[in-house]
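So the chains spell out like this:
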Amino acid sequence: MKKINLLAVVMMASMVTVAQSNSSGNSMGKIEKGTNKPRTGEILYFNVDSVNEHYVLVKDLMEKLESERSNQQVVFQKRQSVLEDKLQEYEEASRNKTMSQSQLDEFQRNLSVESQVLQDDYSRMLEEFEIRYDAALKQITDSIVIAVKRINAERNASYIMQYQYGGVLIDPDPSKDITNELLEILNEPFKKEKPKTIRK
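Caption draft 1: Region of the structure containing the overall build of the chain. Scanning the chain from terminus to terminus reveals five helices and two strands. By residue count, 32% of the 200 residues in the chain fall in the buried class. Look at the contacts in the chain between residues 6 or more apart in sequence, and 83% of them connect residues 24 or more apart. Surface exposure of the chain reaches about 13,500 Å², of which carbon and sulfur atoms provide 53%.

What follows is the structure, encoded as structure tokens:
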């Protein structure tokens, strides 16, 4: 099972946003194709580590997938244990000669079949989870791109970049950091509605 590198995906999302913002050839201060509004030349940025840590969708999707994957691992471990018990039974029968040669041959063939089925099922399970992980990451990525575009619809910045803790930004301007605003938009659908107070 491959490890999820959400950080790389979020970085890709930011680059997609930057590319789309400048896809018509506009750079700082130039007019965007199809509009009369020039870009401001402003550079905004957000912290991908913070988004990874505090975006509720990331937690929900990844925890669910990890839980299901762990449960499946337990199931396959039990199946593997049963197969190992049968192998031990075969070895004892062969050593103690409690079965005829034809019975031993049949036992061995059945073990081989069961072992192959187990391997195939396990590989299929891993492939299915790979697909589900990829779908989850795409959902996360798409939502980040949409939220960043929503912010930039008002700011009209020329570039929106990403950064990490311990990254290359030195003494950045806090007014250009949209991390909190981005998280507010991303987590908006997950806010629980406060219960209404019933007046007596």
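Caption draft 2: Structural detail: a negative patch on the surface. Where like charges cluster on the molecular surface, the negative patch consists of E84, D85, E89, E91 and E92. Note that E92 resides in helix α3 (residues 56-96).

Caption draft 3: Representation of the pairing of strand β1 (residues 43-47). Burial runs high along β1: four of the five residues are buried. Where β1 and strand β2 (residues 159-163) come together, five bridges link them in parallel fashion. Paired with F46 across the strands is Q162, a residue of β2.

Rules used throughout
- Residues numbered from 1 in each chain as written.
- Predicted model: local features only at pLDDT ≥ 70, side-chain atom pairs only at ≥ 80, totals over all residues.
- Heavy atoms only, no water.
- Helix = DSSP H or I, 4+ residues; strand = E, 2+ residues; numbered from the N terminus.
- Buried < 20%, exposed > 50% of the residue type's maximum accessible area, 1.4 Å probe, protein only.
- Contact = heavy atoms within 4.5 Å.
- Areas by Shrake-Rupley, 256 points an atom, 1.4 Å probe, with all protein chains shown as cover.
- Patch = residues over 30% accessible without salt bridge, like charges linked within 9 Å, V, L, I, M, F, W, Y side chains within 5 Å.
- Salt bridge = Lys/Arg side-chain N within 4 Å of Asp/Glu carboxyl O.
- Lys, Arg positive; Asp, Glu negative; His and termini not counted.
- Charge placed at Lys NZ, Arg CZ, Asp CG, Glu CD.
- Pairing = 2+ DSSP bridges.

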